[in-house]
Amino acid sequence: MTNITDEPGHGSSPAAWAAVVIMLIGVAIATASLFLDVIPLVWLGAALIPVGLIVGGILKAVGLGVGGHRSGGSH
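This write-up is about the structure you can find in this document.

Definitions and cut-offs
Residues numbered from 1 in each chain as written. Predicted model: local features only at pLDDT ≥ 70, side-chain atom pairs only at ≥ 80, totals over all residues. Heavy atoms only, no water. Helix = DSSP H or I, 4+ residues; strand = E, 2+ residues; numbered from the N terminus. Contact = heavy atoms within 4.5 Å. Areas by Shrake-Rupley, 256 points an atom, 1.4 Å probe, with all protein chains shown as cover. Expected span 1.5 Å × (residues − 1). Buried < 20%, exposed > 50% of the residue type's maximum accessible area, 1.4 Å probe, protein only. Axes fitted to C-alpha atoms, helices over the stretch in contact; angles between N-to-C directions. Parallel < 35°, antiparallel > 145°, perpendicular 65-115°, else oblique. Nonpolar A, V, L, I, M, F, W, Y, C, P; charged D, E, K, R; others polar.

### Describing the overall build of the protein chain
- Scanning the protein chain from N- to C-terminus turns up 2 helices and 0 strands.
- Looking at the protein chain alone, contacts between residues at least 24 apart form 51% of all its contacts between residues at least 6 apart.
- Of the roughly 5300 Å² that the protein chain leaves accessible, carbon and sulfur atoms contribute 74%.

Below is the structure:
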């Protein structure tokens, strides 16, 4: 049986949440815009995906990632 305290946290941190939310918003905008045939908004939505990765990396670097000193836990 696995000890829960040995789990790596599965990315449950403010950095991971922010990155995923930004990327999901980008995918939603791109998908809806593609359906409505508004190509500039498709590219805007697609551009949010790397922005989410960058924001997640920055937040992790300042200590809000898994095991970070500002994340508020040992996740």
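Here the narrative resumes.
### Overview of helix α1 (residues 14–36)
- With 23 residues, α1 should cover 33 Å at 1.5 Å per step; its first-to-last C-alpha distance of 33 Å lies within 8% of that length.
- Of all the residues in α1, the buried ones are A15, A19, M23, G26, A30 and S33.
- Here the buried face of α1 lies against α2 (39–64).
- The positive-phi residue at the C-terminal boundary of α1 is D37, with phi of around 60°.

### Notes on the environment of A16
- Following the sequence through the fold, A16 ends up in helix α1.
- What makes A16 partly exposed here is its relative accessible area of 23%.
- For the pair A16 and G65, spaced 49 residues apart in the sequence, the C-alpha separation amounts to 6.8 Å.

### A look at the environment of S12
- Of note, S12 is situated in the segment before α1.
- Between the alpha carbons of S12 and G65 there is a distance of 8.2 Å; along the sequence they are 53 residues apart.

### Focus: the side chain of S33
- Within the secondary structure layout, S33 lies in helix α1.
- On the accessibility criterion, S33 (5% relative accessible area) is buried.
- With near-sequence residues (within four places) excluded, S33 lies in contact with V38, L41 and V42.

### Focus: the packing of α1 against α2
- It is the contact of α1 with α2, at a shortest axis distance of 7 Å, that shows an interaxial angle of 180°. For the element pair α1 / α2, the angle class is roughly antiparallel.
- Looking at side-chain class alone, the contact of α1 with α2 contains 21 nonpolar, 5 polar and 1 charged residues.

Purely geometric stuff here, so don't read any function into it on its own.
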